[in-house]
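Residue strings, one per chain:
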Amino acid sequence: MNKILILLTLAIVAAIIFFVPPIKGLGDLAKIIFFHVPTAWVSVIAFFVSAFYAAKFLRTFNFSFDKLSARAARLGFIFVLLSTISGAIFSKLTWGAYWNWDPRQTTIFVLILIYGAYLTLRAAVSDEKTRAKVSAVYSLLSVLTVPFLVFIIPRMYFSLHPSPVLNSAGRVEMDSIVLIVLIAAVVDATLIFVQLMRREIS
Amino acid sequence: MKLFNSRFEQIAAIVRKDFLIGLRRRATFAAMMMFALTAVASLSLSTGGIFVEEKFLAALLWVVIFFAASAGISGTFDDEAQAGTLPTLKLYADAQAILFGKMIYVFLSLAALTIFILPIFLILFDVAVEKIFLLLMTILLGLIGIAAAGTLTAALTTSATVKGGLFPILLFPITLPIFLPAIRLTEISFAGGVFDISLIVVVAVFDLILITAASILFDYL
């Protein structure tokens, strides 16, 4: 599985460098979007995975669920940082500024804060039982902000961010090869996440 | 020992207990008030004489309330945790009564904080409030949300060995859905103009969500 993933990742990187046509007027660095979209996707997935295992832990008090929840959060934290940085670079290229609190930037920043708070809480509680309970409760509590971040914030503030999966605005023209590569990259990133989650159990 | 029968009696007894302890040891209360006063004074001093936009003022007010609240309510469960009396308390009252008793007490302390700091804030920054009712409504709803999330967060941080700064870190992302609309509403109450009723609905709904979630999750602690 690992070898296949490495090959797939290399193939996608090669496709991004050699096959994907350069994005009009943005230069080669704009291809960072192929890194940004998959990492953003995984950081959101990891957040829900962490909360899912937190709920499972609270129902069963099985500590392996706590470990999975923590693992997902740690991975999510790394992915959300990568996604934020790559997003900021793309934002500089397209909007002219690294950061302007666009709704999606707000959302991703709150996600960083939640991951950070969760991991800080884990680090701050030394008793294993208490830590598992307390962090599971916090994980579920933080899920409550999701509907707000997804539905309310975009209504309150105007967004320049392209629609999440496909760009209908036509600012970055997507032909089929771009779309295929992007979807492949998202699948690849998800598989990497799944693989990293599985490694921890065994 | 008198046993409390109804849940309301239990809740009232816990509020009264915390209130008496709070009066006896005024340190927490005094710290919260002085924190707010220091924050407002330093902000007002450093911006003295400059015209500060309403948007910025509204944000400042909520930042002051947030951090003063953090200073004041992070130790909500510390007395019981230190003395080891939480299990005993749970014998006399059920967990939900403890949670709601604490929540009401936290809300009352936050209300006292706001009654103290809001007039000072308005005077020092020379704010002419256009819509006083909207401002009070916003603060009331905001404080309910902070009290609900803050009580549960305080229960989470009680067992932490490293406490410094942990409470606001945990509380902020959870209460952000309250702060953003509340700051917008506060800005409108300062500056006047039409406001979107749905913002109030958002805060109120999120208050309810937080209270419900705190009630459900507290049982697992």
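In this text the structure is predicted, and so the values were computed from the model without any measurement. (Residues numbered from 1 in each chain as written. Chains lettered and ligands numbered in written order. Predicted model: local features only at pLDDT ≥ 70, side-chain atom pairs only at ≥ 80, totals over all residues.)

## What to know about the overall build of chain B
Right, so step 1: Within chain B one finds nine helices and zero strands.
Right, so step 2: Starting at the N terminus and walking to the C terminus, you meet the elements of chain B as α-α-α-α-α-α-α-α-α.
Right, so step 3: Against the 2.2 N^0.38 benchmark of 17 Å for 221 residues, chain B shows a C-alpha radius of gyration of 18 Å, consistent with a compact globule.
Right, so step 4: Expressed as a percentage of its 221 residues, the buried residues of chain B come to 43%. (Helix = DSSP H or I, 4+ residues; strand = E, 2+ residues; numbered from the N terminus. Rg over C-alpha atoms; globule rule 2.2 N^0.38 Å. Buried ≥ 20, exposed ≤ 12 C-beta atoms within 10 Å, placed from the backbone.)

## Observations concerning the overall build of chain A
Right, so step 1: Within chain A, the secondary structure is distributed over seven helices and zero strands.
Right, so step 2: Traced from its N-terminal end to its C-terminal end, chain A shows the element sequence α-α-α-α-α-α-α.
Right, so step 3: For chain A, buried positions account for 38% of its 202 residues.
Right, so step 4: A sequence separation of at least 24 residues applies to 77% of the contacts in chain A between residues at least 6 apart. (Contact = placed C-beta atoms within 7 Å.)

## Brief notes about the interface of chain B and chain A
Right, so step 1: The partner chain A presents 24 residues to the 22 residues of chain B that form the contact.
Right, so step 2: Broken down by element, the residue count for the side of chain B that touches chain A peaks at nine residues, all from helix 8 (residues 166-191) of chain B.
Right, so step 3: For the side of chain B that touches chain A, the residue count by class is 20 nonpolar, two polar and no charged. (Nonpolar A, V, L, I, M, F, W, Y, C, P; charged D, E, K, R; others polar.)

## Looking at the environment of V125 of chain A
Residue and element names in this part refer to chain A.
Right, so step 1: For V125, the position within the fold is in the loop between helix 4 (103-124) and helix 5 (128-143).
Right, so step 2: The class for V125 is buried, based on 23 C-beta atoms found within 10 Å.
Right, so step 3: Residues V125 and S135, 10 residues apart in the sequence, show an inter-C-alpha distance of 9.1 Å.

## Points about the confidence of the model for chain B
Residue and element names in this part refer to chain B.
Right, so step 1: Across chain B, pLDDT averages 87, with 98% of residues at or above 70.
Right, so step 2: Of all secondary-structure elements in chain B, the lowest mean pLDDT belongs to helix 5 (residues 86-92), at 72, while helix 7 (residues 132-157) reaches the highest, 94.
Right, so step 3: Model confidence for the complex is summarised by a pTM of 0.87, with the ipTM given as 0.87. (pLDDT = per-residue confidence, 0-100.)

## Digging into the nonpolar core
Right, so step 1: With 121 residues, the main nonpolar core has L121 of chain A together with A68 and A147 of chain B as its most contacted residues.
Right, so step 2: With 16 residues, helix 2 (residues 33-60) of chain A is the largest single contributor of residues to this core.
Right, so step 3: When residues no more than four places from it in sequence are discounted, the contact partners of L121 of chain A are V134, S135 and Y138 of chain A together with L156, A160, L166 and L170 of chain B. (Core = buried A, V, L, I, M, F, W, Y, C linked by C-beta atoms within 7 Å.)

## Structural notes on unusual backbone geometry
Residues and elements named next belong to chain A.
Right, so step 1: Residues other than glycine seldom take positive phi values, yet F61 does so here, at roughly 55°.
Right, so step 2: Inspection of the secondary structure puts F61 in the loop between helix 2 and helix 3 (63-95).
Right, so step 3: For F61, a count of 14 C-beta atoms within 10 Å gives the class partly exposed.
Right, so step 4: One non-glycine residue, W101, lies in the positive phi region at around 50°.
Right, so step 5: With respect to the helices, strands and loops of the structure, W101 is situated in the loop between helix 3 and helix 4.

## Points about helix 2 of chain A
All names here are of chain A.
Right, so step 1: Compared with an ideal rise of 1.5 Å per residue, which puts 28 residues at 40 Å, helix 2 spans 40 Å between its outermost C-alpha atoms and is within 8% of the ideal.
Right, so step 2: Within helix 2, 21 of the 28 residues are buried, which leaves the element mostly enclosed by the surrounding structure.
Right, so step 3: Among the residues trailing helix 2, F61 stands out with phi positive, at a value near 55°. (Expected span 1.5 Å × (residues − 1).)

## Section: the environment of W101 of chain A
Right, so step 1: Residue W101 of chain A is classed as exposed on the basis of its C-beta count, with 9 C-beta atoms lying within 10 Å.
Right, so step 2: Placed 82 residues apart in sequence, W101 of chain A and F19 of chain A show a C-alpha to C-alpha distance of 33 Å.

## Notes on the packing of helix 7 of chain B against helix 8 of chain B
Residue and element names in this part refer to chain B.
Right, so step 1: Two elements in contact, helix 7 and helix 8, have axes separated by 9 Å at closest approach and are oriented at 175°. Taken together, helix 7 and helix 8 sit at an angle that is classed as roughly antiparallel. Touching L134, L135, T138, G142, G145, I146, A149, G150, T153, A154, L156 and T157 of helix 7 are L166, F167, L170, L171, I174, T175, I178, A182, L185, T186, I188 and S189, all from helix 8.
Right, so step 2: Classifying every residue of the contact of helix 7 with helix 8 gives 15 nonpolar, nine polar and no charged. (Axes fitted to C-alpha atoms, helices over the stretch in contact; angles between N-to-C directions. Parallel < 35°, antiparallel > 145°, perpendicular 65-115°, else oblique.)

## Observations regarding the environment of R198 of chain A
Right, so step 1: Mapped onto the elements, R198 of chain A comes out in helix 7 (residues 176-201).
Right, so step 2: Between the C-alpha atom of R198 of chain A and that of R71 of chain A, which follows or precedes it by 127 residues, the distance is 9.8 Å.

## Some thoughts on the packing of helix 3 (residues 54-73) of chain B against helix 8 of chain B
The geometry of a pair of packed helices is captured by two quantities: the angle between their axes and the separation between those axes.
All names here are of chain B.
Right, so step 1: Orientation of helix 3 relative to helix 8, taken along the N-to-C sense of each, is 145°, at an axis distance of 8 Å. Classified by chirality, the crossing of helix 8 by helix 3 is right-handed. The segment helix 3 lies against helix 8, with E54, K55, L57, A58, A59, L61, W62, F67 and S70 engaging F167, P168, L171, F179, A182, I183, T186, E187, F190 and A191.
Right, so step 2: Looking at the contact of helix 3 with helix 8 residue by residue, the class counts come to 14 nonpolar, two polar and three charged. (Left-handed = near helix turned anticlockwise from the far one by under 90°.)

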